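# What the coordinates show
These are the residues of each chain, in order.
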Amino acid sequence: MTPEEAVAAAFREEWGQVVATLIRVTGDWDLAEECAQDAFAQALDRWRRDGVPRRPGAWLTTTARHRAMDVLRREAVGERKLREAAVLTAPGEPYDDSGVQDDLLRLIFTCCHPALHIEARVALTLRTLAGLSTPEIARAFLVPEATMAQRLVRAKRKIRNAGIPYRVPPAHLLPERTTGVLGVIYLLFNEGYAATSGADLVRRNLCAEAIRLARVLARLMPDEPEALGLLALLLLHDARRATRVDADGELVTLEDQDRTAWDRAEAEEGAALLETALRRGRPGPYQIQAAIAACHTTAPTAEDTDWADIAALYGELARFVPSAVVRLNRAVAVGMAQDPDAGLALVAELEREGELTGYHLLPATRADLLRRSGRTAEAAEAYERALELVENDAERRFLERRLTECRSGRAPFVGGVKATPRHRRPR
């Protein structure tokens, strides 16, 4: 490995840990990032001359720490900050009452503190934990760079002014806070896997960062089955990522994807993690969603998909997440497991309730079930409604193709598929 490759690999693997340690030592987020950047810049020069150290992460942390201490000594308030740092790093002194002494885990929980707005949590997670630049984050979320910069500044200011503690929450708050952390990582993956707007359906860099963070969390919290469940879920979805769009960037539905092109190693790892999580006997929403994804990724063909099991899993998921979106997904599964009319009845209930008004997938689901039942004229009307609401360009083009098929009478009849039980449902 060349020094350049070693620095790049260390950045991917060590950035968050280096920054986390410096924040704990100095209490200054901006200084921590600045000194971490300086350490990586020094590494490129020094490693070319002296060779790559045996423990790159330790070298980077030590170099960055020395740089931070130099900066603090030169500042007017340096002595006070150094005394504070000495207290923070006193041998044997606990950092918090959680029982967990890991700087990176503290940083994850701080970035995802519930006092911060959800958009700020995601942005701060990408900036501080993943090392993405402000322009990169702004491009990922389709906002001006100045807007994203202000979002990050406000988040850091709120952490400082509100006195948000740099720690893992105490035991009685851990379940609630862990759910929030998992939610931020899942939201990050979802934005990469199916962008809410813009030209691209998939943003690979966001998916990769979410999986990396999920791995970190699963490693740091090995006894938390939902952390394992989230990682399993992301891997099972990501295994299909390359086949979700064709060479022209057009959306390819699950039943039409080339299953031989799925990443089998990723799918198998996800399935194994799911089994490990389920053996803990504490099911949760991420484990259930991972089980649903496993039903798809382990079915040899679309016709082999166990839609009856998927429908039952969505029923269980609704107990944990009683949302209209979960019920909409269950309607699809019921329509595939039984017949389109059964699914349409559930969609009609959601339409009457009105909670999903303005959500393009509600009329899109209705349109697809109508198309499968052969009612192409009604399906065309529903596709038109979905097109009024969709924002992602790839999804728009897909809906337009379906609409054209229905109007021309070329829409194929597609019924349900047989159910062949394959997966152990979380109990």
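Coordinates for the structure precede this section.
Here we summarise the structure given alongside this text. (Residues numbered from 1 in each chain as written. Predicted model: local features only at pLDDT ≥ 70, side-chain atom pairs only at ≥ 80, totals over all residues. Heavy atoms only, no water.)

A count of helices and strands for the protein chain gives 19 helices and zero strands. Classification of the 427 residues of the protein chain by burial places 51% in the buried group. Intrachain contacts of the protein chain at a sequence separation of at least 6 include 66% that bridge at least 24 residues. Accessible area for the protein chain stands at about 19800 Å²; split by element, carbon and sulfur atoms hold 51% of it. (Helix = DSSP H or I, 4+ residues; strand = E, 2+ residues; numbered from the N terminus. Buried < 20%, exposed > 50% of the residue type's maximum accessible area, 1.4 Å probe, protein only. Contact = heavy atoms within 4.5 Å. Areas by Shrake-Rupley, 256 points an atom, 1.4 Å probe, with all protein chains shown as cover.)

Right, let's talk about helix H1 (residues 3-26) for a bit. Between its terminal C-alpha atoms H1 stretches only 29 Å, short of the 34 Å expected from 24 residues at 1.5 Å a residue. For H1, the principal kink sits at Glu14 and spans about 60°. Directly after H1, the chain includes Gly27, whose backbone phi takes a positive value near 75°. (Expected span 1.5 Å × (residues − 1). Bend = angle between axes of the 7 residues up to and from the residue.)

Further remarks concern the packing of aromatic side chains. How two aromatic rings sit relative to each other is given by the distance of their centres and the angle of their planes. Under the counting rule described, the total for this entry stands at five aromatic pairs. Note on Phe11 and Trp15: the rings are 5.2 Å apart at their centroids and 40° apart in plane angle, and the pair reads as tilted. Separated by four residues within a single helix, Phe11 and Trp15 lie in helix H1, roughly one turn from each other. Each ring, one from Trp47 and one from Trp59, has its centre 5.5 Å from the other, and the planes form 70°; the classification is edge-to-face. (Phe/Tyr/Trp six-rings, centres within 6.5 Å; stacked < 30°, edge-to-face > 60°.)

Where H1 meets helix H5 (residues 103-111), the axes come as close as 8 Å, and the angle between the chain directions of the two elements is 85°. Between H1 and H5, the interaxial angle falls into the category roughly perpendicular. The segment H1 lies against H5, with Gly16, Gln17, Val19, Ala20, Thr21, Ile23 and Arg24 engaging Asp103, Leu104 and Leu107. (Axes fitted to C-alpha atoms, helices over the stretch in contact; angles between N-to-C directions. Parallel < 35°, antiparallel > 145°, perpendicular 65-115°, else oblique.)

At a minimum axis separation of 11 Å, helix H9 (residues 174-193) and helix H11 (residues 225-238) run at an interaxial angle of 5°. Compared by their axis directions, H9 and H11 come out roughly parallel. Here Leu182, Ile185, Tyr186, Phe189 and Tyr193 of H9 come into contact with H11, specifically with Glu226, Ala227, Leu230, Leu233, Leu234, His237 and Asp238. Its residues placed into classes, the contact of H9 with H11 shows nine nonpolar, one polar and two charged. (Nonpolar A, V, L, I, M, F, W, Y, C, P; charged D, E, K, R; others polar.)

What follows concerns the nonpolar core. Residues Leu60, Leu107, Ile185 and Leu234 are the most contacted members of the largest nonpolar core, which totals 126 residues. Here the element with the most residues in this core is H1; it accounts for 10 residues. Those residues in contact with Leu60 that sit more than four places away from it in its chain are Ala10, Glu14, Val18, Ala39, Phe40, Ala43 and Trp47. (Core = buried A, V, L, I, M, F, W, Y, C linked by side-chain atoms within 4.5 Å.)

Next up on the list: the pattern of salt bridges. One pass over the full model with this rule turns up 25 salt bridges. Its salt-bridge partner being Glu4, residue Arg48 comes within 2.8 Å of it at the nearest N-O pair. Placement of the pair is Arg48 in helix H2 (residues 29-50) and Glu4 in helix H1, with a sequence separation of 44 residues. Its salt-bridge partner being Arg327, residue Glu353 comes within 2.8 Å of it at the nearest N-O pair. In this pair, Glu353 is assigned in helix H16 (residues 340-353) and Arg327 in helix H15 (residues 324-337), connecting sequence segments 26 residues apart. (Salt bridge = Lys/Arg side-chain N within 4 Å of Asp/Glu carboxyl O.)

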